[in-house]
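Observations on the model geometry
So the chains spell out like this:
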Amino acid sequence: MLLFALTIACSRDDGLNELDEGPRPQIAITSPAAAAWLGEGAVEVTGTFENLRTIDVNEAEATPDRSGTFVGSAELSRGVNVIEAYGTTTDSEWRYDRVGVLAGEFADPGHAIEDAAGLRLNQPGIDAAMDFAGSMVDQETIAAAATGMNPIYEDTYGVWGWDAVEIAANVDDITFDTVRLEATPRAGMLELQVVIPNLFVDLQAVGEAVGWDFDVDASLWADEAQIEGQLTLDADNGKLVVELLDADVNLVGFGYDTSLLPGDVEAYLFVDTIRGKLEDMLLEQITTMVPPLLESTLAGLDLSFELELMGVPLSIGADFAQASIDSKGIAITTDIDVDAPSNGEHTYAGFLSAPVELTVDDDAAVGAAISDDLLNRLMFEVWRAGLLELTLSTDDGSLEPALLLGLKTEQGTITLDALLPPVVVQGDSGLEVQIGELNVTVDTPGGEFGEHLEAAINLNIPLDLGYSDGNVVLALGSPEMVMMVRESDWGAEPETITQLLTQLLPLDSLLSILGDITFAVPSLDGLSIKSADVQRDKTGLGTHIGVELD
């Protein structure tokens, strides 16, 4: 729905009021300038006027003086603001001027956005990560480590004073069921238990006992091998680092079969030695294998992604900045940087920023809170790359002639140039993209209204926040528009032309080329998303994502 601020006192058949004869009322804002970068709060507004009786600035009375100047005040909120100076004559005619400005705090785009996103892996997510990592523990690697110890046992000892027994044992095979990992968060660490169920070891024992050669089978088993330790998590050079500390091992339900060994072999020594070596091997393998598996699984929380808008490539790089463990799970903060080509033709104070510590969902399997700083940095880079500098013409087919029919012509060119970057802010009715001082030049050679017009447009575009197929989706709605004609040869007052253009300019069609914004929901590598809930943070400065995993 388009926002109209004007009515036409009288009109011709073509919708344009002719210029009045005689002294013309005029008004112009001189400060702040259009496309100014300002702070939030009150700002003094000054300007000039002629032949006007009363003057208001943003609906509050201003103070005019006899020299033809006025002073007023406007209250600026975070984002794009339209300042309007409105004057009336003694005959109740009116004139106005409008400028768009950007208010807020601004950050340097030359650096990464610190703490741009907060992430949490809570107990359901930890369980899912452990299940997946356990399923990836490679039995063949552990079996190779066991056979790599061969001979796992060797001994020679005497009977009746002479070396009557020589024995060597090799691991033929080691089998077990899927490994289970269970982790409980505590302050500063995860209490880890690794369970290797149904462990079975096939052995081959060979040797000589009192002059007799033997080559027999033996076996060891355990209902489960339990390895317990403490997992720590840290962020180093942008990556997550997992360590397993203070681990020990216990074989629960341990048993063995050495019934085929000759009676002269000391079975207890045979069993105890092999058991000890197996325990050491299992401890070493789990300590070596589990941390990288968890690091790989947690890497799915990386928010890096590539994006292309209107042919402009954007690279979003995320680094894990901090990681800690509390009683409810794992907390991670992420620094994010955005890389995009720049045409180097803009002057700016920075991208709209509002550093704030966002709370992260500590109930969902995976929780995320993403600062609006990321969205505003994206918007800034798109603007700096020249995305909103467009020329559309019927000559090259980039502009459909039908879109100009409302302007009573089928030939022309529309040029767009945004003097301010688009920004994402929480408006009165929800999240929205605001575009300030979008300069529009319309050239219509031989047009019935005229041939040249320049206007400035300020837009509020609602963003519908949602989730679809693994992505957060920010869908653009219909824009609300405030316009000001600055120059034209259309032979009518700027206010009148403004209203006509507000109705006729094909703005929806022009903005449709921007498309929706999507980015992947953070999850765990190797695991699929069951559902996700996307909500705005109560501060109005970020977005919450709660993810449930299959």
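Residues numbered from 1 in each chain as written. Predicted model: local features only at pLDDT ≥ 70, side-chain atom pairs only at ≥ 80, totals over all residues. Heavy atoms only, no water.

1. Digging into the confidence of the model for the protein
Using the following cut-off: A residue's pLDDT is the confidence the predictor assigns to it, expressed on a 0 to 100 scale. Helix and strand assignments come from DSSP, with helices taken as H or I runs of at least 4 residues and strands as E runs of at least 2, each series counted from the N terminus. The contact criterion used throughout is that any non-hydrogen atoms of two residues lie within 4.5 Å.
When pLDDT is averaged along the protein, the result is 88, and 91% of the positions lie at 70 or above. Put simply, helix α6 (residues 507-511) is where the protein has its lowest mean pLDDT, 61, and strand β2 (residues 37-38) is where it has its highest, 98. When the criterion is pLDDT under 50, residues 1-19 qualifies, and its contacts beyond four places in sequence or with other chains add up to 47 contacts.

2. Observations concerning the nonpolar core
In globular proteins that are soluble, nonpolar side chains generally tend to be buried together. Heads up, the rule is: Side-chain atoms within 4.5 Å link the members of a nonpolar core, which is a set of buried Ala, Val, Leu, Ile, Met, Phe, Trp, Tyr and Cys residues. Between buried and exposed lies partly exposed: a residue is buried under 20% and exposed over 50% of the maximum accessible area for its type, with that area taken using a 1.4 Å probe on protein chains only.
Counting residues in hydrophobic clusters, the biggest one holds 138 residues, and the most contacted among them are Ile 196 and Phe 270. The element contributing the most residues to this core is helix α3 (residues 267-298), with 13 residues. Once residues within four sequence positions are removed from consideration, Ile 196 is found in contact with Phe 176, Val 179, Asp 223, Glu 224, Ala 225, Ile 227, Leu 282 and Ile 286.

3. Let's talk about the side chain of Asn 458
Basically, it comes down to this: Between N or O atoms, a polar contact is any pair within 3.5 Å; within protein, one atom must be a potential hydrogen donor and the other a potential acceptor, and residues adjacent in sequence are included only when both atoms are from side chains.
Relative to the elements of secondary structure, Asn 458 occurs in strand β28 (residues 452-468). Overall, Asn 458 belongs to the buried group, its relative accessible area being 6%. Looking at Asn 458, its side chain comes within polar contact range of the main-chain nitrogen of Glu 437, at 3.0 Å. Once residues lying within four places of it in the same chain are set aside, the contact partners of Asn 458 are Val 80, Val 82, Gly 100, Ile 435, Gly 436, Glu 437, Glu 480, Met 481 and Val 482.

4. Notes on the packing of aromatic side chains
For the record, the criterion: The rule is short: rings of Phe, Tyr and Trp, with Trp giving its six-membered ring, pair when the centres are within 6.5 Å, and they are stacked under 30 degrees, edge-to-face over 60, tilted in between.
What the rule picks out here adds up to 11 aromatic pairs. Aromatic side chains Phe 254 and Tyr 256 sit 6.2 Å apart centroid to centroid with 40 degrees between the ring planes, which places their arrangement in the tilted category. By relative accessible area, Phe 254 is classed as partly exposed at 24%. Ring geometry for Phe 305 against Phe 519: centres 6.0 Å apart, planes inclined by 20 degrees, an arrangement best described as stacked.

5. What about the pattern of salt bridges?
Short version of the rule: Here, a salt bridge means any Lys or Arg side-chain nitrogen found within 4 Å of an Asp or Glu carboxyl oxygen.
All chains considered together, the criterion is met by 14 salt bridges. In this structure, the salt-bridge partner of Glu 224 is Arg 180, at a minimum N-O distance of 3.9 Å. Taken together, the positions of Glu 224 in strand β16 (residues 212-236) and Arg 180 in strand β14 (residues 180-186) put the pair 44 residues apart, joining distant regions of the chain. Note on Arg 180: relative accessible area 37%, which makes it partly exposed. As a salt-bridge pair, Arg 384 and Glu 381 come within 3.0 Å of each other at their nearest N and O atoms. Note that Arg 384 and Glu 381 are positioned in helix α4 (residues 372-384) at a spacing of 3 residues, about one turn of the helix. Among the residues examined, Glu 381 registers a relative accessible area of 1% and is labelled buried. Three or more residues joined by partner-sharing salt bridges are found here, namely Asp 337, Arg 377, Glu 381 and Arg 384.

6. Looking at unusual backbone geometry
Pro 32 follows Ser 31 through a cis peptide bond whose omega is 0 degrees. By the secondary structure assignment, Pro 32 is in the loop between β1 (26-31) and β2. The peptide bond linking Asn 150 to Pro 151 adopts the cis configuration, its omega dihedral lying at -5 degrees. Structurally, Pro 151 can be placed in the loop between α2 (139-147) and β12 (153-159). Residues other than glycine seldom take positive phi values, yet Asn 58 does so here, at roughly 50 degrees. In this structure, Asn 58 sits in the loop between β4 (54-57) and β5 (60-61). A positive phi angle, near 65 degrees, is found at Ser 92, a position not held by glycine.

7. Quick word on the packing of α2 against α3
Formally: Interaxial angle, 0 to 180 degrees, is taken between N-to-C directions of lines fitted to C-alpha atoms, where a helix line uses only the stretch in contact. Angle categories are assigned with fixed cut-offs, so that under 35 degrees is roughly parallel, over 145 is roughly antiparallel, 65 to 115 is roughly perpendicular, and the rest are oblique. By convention the crossing between two helices is left-handed if the near helix lies anticlockwise of the far one by an angle smaller than a right angle, and right-handed if it lies clockwise. Following the grouping adopted for this structure description, the nonpolar residues are Ala, Val, Leu, Ile, Met, Phe, Trp, Tyr, Cys and Pro, the charged ones are Asp, Glu, Lys and Arg, and the polar ones are all others, Gly among them.
Where α2 meets α3, the axes come as close as 10 Å, and the angle between the chain directions of the two elements is 140 degrees. Considering the angle they form, α2 stands oblique to α3. In terms of crossing hand, the pair formed by α2 and α3 is right-handed. Residues Thr 141, Ile 142, Ala 145 and Ala 146 of α2 pack against Met 281, Leu 282, Gln 285 and Met 289 of α3. The residue inventory of the contact of α2 with α3, partitioned by class, reads 6 nonpolar, 2 polar and no charged.

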